[in-house]
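Spelled out, the chains give:
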Amino acid sequence: MEAFCGSKLSHFWDSNRTLYWDTPDLTECFQMSVLSWIPCIYLWLTFPFYFLYLKKNNKGYIMMSLLNRVKMIFALVLWIVCWTDLFASFHEMHQGTHIAPIFFVTPLVVGMTVLLATFLIQYERLRGVQSSGVLFLFWFLSVLCAIVPFRSKILQISLKNTVEDKLRFTTFYIYFGLIVVQLILSCFNEKPPLFSGVVTDPNPCPESSAGFLSTMTFWWFTSMAIKGYKNPLENKDLWSLNKQDSSEVIVPKLLKEWEVEQDKVQREAQASYSKSPLTTEANHVDKPQAEAEVLLMEKGEAQQPSFLRCLLKVFGPYFLIGSAYKLLQDLITFINPVLLSLLISFIGNQKKGVPSWWGYALAFLMFFCALLQTLILHQHFQYCFVTGMRLRTAIVGAIYRKSLVITNAAKRSSTVGEIVNLMSVDAQRFMDLTTFLNMLWSAPLQIILALYFLWQNLGPSVLAGVAVMILLIPLNAAIAVKTRAFQVEQMQYKDSRIKLMNEILNGIKVLKLYAWENSFKEKVLDIRQKELHVLRKMAYLGAVSTVAWTSAPFLVALTTFAVYVMVDKNNVLDAEKAFVSLALFNILRFPLNMLPQVISSVVQASVSLKRIQHFLSHDELDLDSVDRKNTTAGFAVTVVNGKFSWAKNDPTTLHNINLMVPQGSLLAVVGHVGCGKSSLVSALLGEMEKLEGEISIRGSVAYVPQQAWIQNATLRDNILFGHGYNERKYRSVLDACALTPDLEVLPGGDMTEIGEKGINLSGGQRQRVSLARALYSDSDVYLLDDPLSAVDAHVAKHIFDKVIGPDGALSGKTRILVTHGISFLPQVDNILVIVDGRVSEVGSYQHLLKENGAFAEFLRNYALEDIVEEDESLVALIEEDEESFPEDAMSNHIDMVDSAPSVNEAKRQFIRQISVISTDSENTRKMSIRTRRQSERKHVEPPPEKKREMAEKLIQAETAETGRVKLKVFLEYIKAVGPLLSLFICFLYGCQNAAAVGANIWLSQWTNDARNNNTEASRDMRVGVYAVLGLSQGILVAISSFTLNLGGIGAARNLHSALLENKFHTPQSFFDTTPLGRIINRFSKDIYVIDEVLPSTVLMFLGTFFASLSTVIVIVSSTPIFAVVIVPLALIYFFVQVCCFWASLYTAGPTAC
């Protein structure tokens, strides 16, 4: 190396000059070689991978900006400066001066690297990179490595008072100034790429356009934290979700991989079946095809598609970036104990002439390592959290989409409750697991490295500590397994309690009317008592686990130190060995306790994985069972030789269905109850298994079910259902569905909010809203499953005339109407009669009457039943209130009946009309028949809309408390725990931390014995007192954690009882205007927080508070000047914590129902 640098420069390395001078410096050879090459080596090593990344990920094109031009100009000037040094060396060599090779190699390497950086500046612009982390690190390393020669050259001038090589001196300082400018410029961002989401989004997330420094320090989030500190955050304040984090991007990726995996398994199963000797034999002897299918099914069951492989393919690469950060953080963790060892050695050797700058350098390096470790660790957590969020989003989306297309047989095995649990509990387990999944390999790595450094420090004595760790691992694992078992038991009780509460809230009106509150309250409290009993068992285990977690490092340290000083009289426990070992033992604490928990979480996630995989492997409805490209001339719906069942293995429900519905016609489907009318509609929708035949439907389909489905939204939103609002069309739909009179009654008109399950609408109103939604959709084919059964007779006639009938709004559409209303049958085009799942007759009304078959029998039965029932109701009604009916009611009603075939028909309609007048809740009981007739006639002129004020919302949006948590809330929880018990808990935590501080002080005094040569005399006493202090700390930890858990359980019992008592005495109006899910959440999620989250949070708070307090007291007592720094540090810490906490609190919002 000296030949490479030449005789003009000094040696490559001079330890005395570098390490032991009061003004240390590196040799010129080292500066020109190693320091100059480090940034160049970094950029050339990262270039291939970075170039491939840029080539694969094109974010768009960025226009040439002023910033980019300035970067290019400075980069070109830098390149010229480097080549100036190179040409100067050639010029000197040409003049006969001997020039060392380093003067040619270094300018050439640096110049080529600057040229590469110039290329990357332009290529990043073309690929849409706004801020480059690679180039930022390159310029940062260049500046860092150039600081040493910058100082060195100034020192040489101050010593020699002259500059020997003025050209290279000048070019170096120009070079240094340019790379400093480039470093500053790299901190700024380019403009977003053209046509990117950041440009078009009105409120983009700044993370996507944040610079490298902003991303590493999370500075881009500062504005949100400050905004949340000043004012409560609302939805409009939140940034838009990054596109790569949205479900529209994530879910299709996972579903695509899952389809590929399913196809792969099916191909492998078919290939293995075709190669099977049993198959060959079956083909030769002509065994039944069913046997071959069973064999193939068994093969398929043996090999299921791997959902885990799909997750790894989709989310694995992104997660590996976080794993790389974790590896780097683990390695940096062990630098601090080494630096601590050097610092203690420096303090001990300070009198031996060691330069004082060593101490400053070691302190700065310790601070820098801690800072770097924090930055890297939080980047790792960011990648883990985002991966967990994406995992949960993708799994929930995949399960939801699967639930829409699974067969009816699959729905029997996977209930609604199971699907909800898959989306909430099982998906959440994956999200929780990803946070600490890297501990599976990180924990063993940290343990191995810690043991290695401990072996270097204490020798074989560390094996005693290893033995203690090995004994603690099965204890922690057993506690984790037992805790999981208790959690399962507790969840069962919780499920029972929530199920009972759900039933109570669903029937709260009946419960209150019968005054059953006390009996049901006792049932709930009985289940709650069992749940709290399990929680108490978990508290015992939690106390033992806390003792093991807290005492593990101390026990390991105690056994190791005791063995170390006992095995050999020459072994002296000095400060360096003691406190470096303690630092390593504290590093061991986290992996030793996390590893059993992570393994337990992995086991839980594997169970969830199997459940999700099993659900996603269910059979799906055949989307091609209904041909949507119907080309049959003149027919909108065609069924040929259809044979259908609800599941493949179920008995056939519909047999030999042949149906051809002409375009624009009205087909009525009639038959007795249970004959298969609704099944036929389901078959046309593709929701049944098509065993044989063909189905084809031309155009879009609108479906009106028997049970109307109503959203918790306004009446208008329920009708529009996502379509654009057209005033004229909307009003005509309201008139046709007889909803206009209802708007006069509703407090907010069509903007009235409809409650959960349509609670503030009658059954008839709900059905008419459902029909209006279908009518507004303007579809081609309408499947109407008995929509007139829930409305009154006069309303049914109005709807038939105005909507369904030959002169209605759907007159040009194809309609299939399932009905029991025989009065409408003469007006339909064709009638389909179904008997026992088969088509019995098809034809017009007159034709089927002449046939005198199943249809005539159906008419006779239903007409007779209707007349008998309605005669009885008429007599009872007239006897009850004879004055309710005017004398001309009969004649008025007969006028309404269009071409009634007989008096009996008119009488029957009139009887039905009268019965409805008395019972229908939609209209007043005293309304006259004439008034109703006028409302049903063609509207001459719609009345002017009343100017009504906007009605108050029926169901108010859930709100969350904002600002500081009131002192009253803390006092309520302390009161629930017990004031005396709360003080006793705080006292125990104070004693526990006092014991910990005492143990550390005693250890410090122990290490001082080495300097006083008093080790052997006081050895037993030192070990004994240290053990007593540590054991007393463990006992106090056990008592305090157990007491805290018992206090938390008592608070949970009291708060739940108060909540239950309050809800049972709440007026019925509260339950009518509050969603059921919101109340259930109070008894489920919020009680869960009180049961399990709050005690652990209080435990962490008390532990952290007293540990911080004891640390501050110890430091201030030993170094009083530190008290000056505490106040500003505390203010900064408090401000950051409060800002971030309030921002996260407001962002989370109220509990979702």
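See the structure shown above.
Bear in mind the structure is a predicted one, so any value in this text is a computation, not a measurement. (Residues numbered from 1 in each chain as written. Predicted model: local features only at pLDDT ≥ 70, side-chain atom pairs only at ≥ 80, totals over all residues. Heavy atoms only, no water.)

Colleague: Mind showing me how you'd approach the overall build of the protein here?
Modeller: A tally of regular secondary structure across the protein gives 40 helices and 10 strands. Considering only contacts in the protein between residues 6 or more positions apart, those separated by 24 or more positions represent 79%. Looking at the protein as shown, the accessible area adds up to about 60700 Å², and 63% of this sits on carbon and sulfur atoms. (Helix = DSSP H or I, 4+ residues; strand = E, 2+ residues; numbered from the N terminus. Contact = heavy atoms within 4.5 Å. Areas by Shrake-Rupley, 256 points an atom, 1.4 Å probe, with all protein chains shown as cover.)

Colleague: Even after reading the chapter, I still don't get empty space enclosed by the protein, so can you show me in this structure?
Modeller: Where empty space is left in the structure can be found by rolling a water-sized probe over the atoms. Going through the model one piece at a time under the given rule, you end up with 4 cavities of 30 Å³ or more. Approximately 150 Å³ is the volume attributed to the largest cavity. Around the largest cavity, the lining is made up of 16 residues, and of these Lys-71, Ile-121, Glu-124, Ser-132 and Leu-135 lie nearest the centre. Of all the secondary-structure elements, those providing two or more residues to the lining of the largest cavity are helix H4 (66-94), helix H5 (102-126), helix H6 (133-160) and helix H7 (166-185). Broken down by element, the lining of the largest cavity gets its largest block of residues, 3 residues, from H5. Tallied by class, the residues present in the lining of the largest cavity amount to 6 nonpolar, 6 polar and 4 charged. Estimates place the volume of the second largest cavity at around 40 Å³. Around the second largest cavity, the lining residues are Ser-36, Pro-39, Cys-40, Val-110, Val-114, Phe-138, Trp-139, Ser-142, Tyr-175 and Ile-179. Those elements giving two or more residues to the lining of the second largest cavity turn out to be helix H3 (28-56), H5, H6 and H7. (1 Å grid on protein atoms, 1.4 Å probe; cavity = no way out; pocket = protein on both sides within 12 Å on 5 of 7 lines; lining within 4 Å. Points joined across faces, edges and corners; volume = space filled by probe spheres on them. Nonpolar A, V, L, I, M, F, W, Y, C, P; charged D, E, K, R; others polar.)

Colleague: Before we go on, may I ask you to explain the environment of Pro-474 in this structure?
Modeller: Structurally, Pro-474 is set in helix H20 (residues 462-506). For Pro-474 and Pro-596, which are 122 residues apart along the polypeptide, the C-alpha to C-alpha distance reads 8.5 Å.

Colleague: In this structure, what is going on with the state of the cysteines? I would like to understand it.
Modeller: One way to say it: the disulfide is the covalent bond shared by the sulfur atoms of two cysteines. Summed over all chains, the structure comprises 0 disulfides. Note on Cys-40: no disulfide assigned, nearest cysteine sulfur contributed by Cys-82 at a separation of 8.2 Å. (Disulfide = S-S within 2.5 Å.)

Colleague: Which parts of the structure should I look at to understand H3?
Modeller: Residues that lie three or four places apart on an α-helix share one face, since the helix turns once every 3.6 residues. In a regular helix each residue adds 1.5 Å, so 29 residues correspond to 42 Å; H3 covers 42 Å between its end C-alpha atoms and thus fits that length. Its maximal kink placed at Phe-47, H3 deviates by approximately 45°, while the proline Pro-48 follows within four residues. (Expected span 1.5 Å × (residues − 1). Bend = angle between axes of the 7 residues up to and from the residue.)

Colleague: What is the right way to look at the packing of aromatic side chains in this model?
Modeller: The relation between two aromatic rings is expressed through the spacing of the ring centres and the mutual angle of the planes. Here the structure, examined in full by the defined rule, presents 42 aromatic pairs. Consider the rings of Phe-47 and Phe-119, whose centres lie 6.3 Å apart with planes at 70°: the pair is edge-to-face. With Phe-47 in helix H3 and Phe-119 in helix H5, the pair connects residues that are 72 residues apart, well separated along the chain. Overall, the relative accessible area of 38% leaves Phe-119 in the partly exposed class. With a centroid separation of 6.5 Å and an interplanar angle of 35°, the aromatic rings of Phe-51 and Phe-119 are classed as tilted. Here Phe-51, found in helix H3, pairs with Phe-119, found in helix H5; they are 68 residues apart in sequence, far enough to count as distant. In this structure Phe-51 comes out as partly exposed when scored by relative accessible area, which is 25%. (Phe/Tyr/Trp six-rings, centres within 6.5 Å; stacked < 30°, edge-to-face > 60°. Buried < 20%, exposed > 50% of the residue type's maximum accessible area, 1.4 Å probe, protein only.)

Colleague: Looking at this model, I keep getting lost on the packing of helix H14 (residues 307-333) against helix H23 (residues 575-616). Mind explaining?
Modeller: The relative placement of two packed helices is expressed as an angle between their axes plus a distance between the axes. As a packed pair, H14 and H23 sit with axes 15 Å apart at the nearest point and diverge in direction by 175°. Put simply, H14 runs roughly antiparallel to H23. In contact with Phe-307, Leu-308, Leu-311 and Thr-333 of H14, H23 contributes Ile-587, Leu-609, Ile-612, Gln-613 and Leu-616. (Axes fitted to C-alpha atoms, helices over the stretch in contact; angles between N-to-C directions. Parallel < 35°, antiparallel > 145°, perpendicular 65-115°, else oblique.)

Colleague: Please explain the side chain of Ser-152 as it appears in this structure.
Modeller: On the secondary structure map, Ser-152 appears in helix H6. If we ignore the near neighbours within four places in the chain, the residues touching Ser-152 are Asp-25 and Gln-31.

Colleague: It is not clear to me how the packing of helix H19 (residues 439-458) against H20 should be interpreted in this structure. Could you clarify?
Modeller: H20 packs onto H19 with a crossing angle of 150° between their chain directions and a minimal axis gap of 9 Å. It follows from the interaxial angle that H19 and H20 lie roughly antiparallel. For the pair formed by H19 and H20, the contact residues are Leu-451, Leu-454 and Trp-455 on the first element and Val-462, Leu-463, Val-466 and Met-469 on the second. Its residues assigned to classes, the contact of H19 with H20 shows 7 nonpolar, no polar and no charged.

Colleague: Any chance you could explain a nonpolar patch on the surface here in plain terms?
Modeller: Taken together, Phe-364, Leu-365, Phe-367, Phe-368, Leu-371 and Leu-372 make up a surface patch of nonpolar side chains, about 560 Å² in accessible area. Its place among the elements puts Leu-365 in helix H16 (residues 357-405). Given the relative accessible area of 38%, Leu-365 is considered partly exposed. (Patch = residues over 30% accessible without salt bridge, like charges linked within 9 Å, V, L, I, M, F, W, Y side chains within 5 Å. Salt bridge = Lys/Arg side-chain N within 4 Å of Asp/Glu carboxyl O.)

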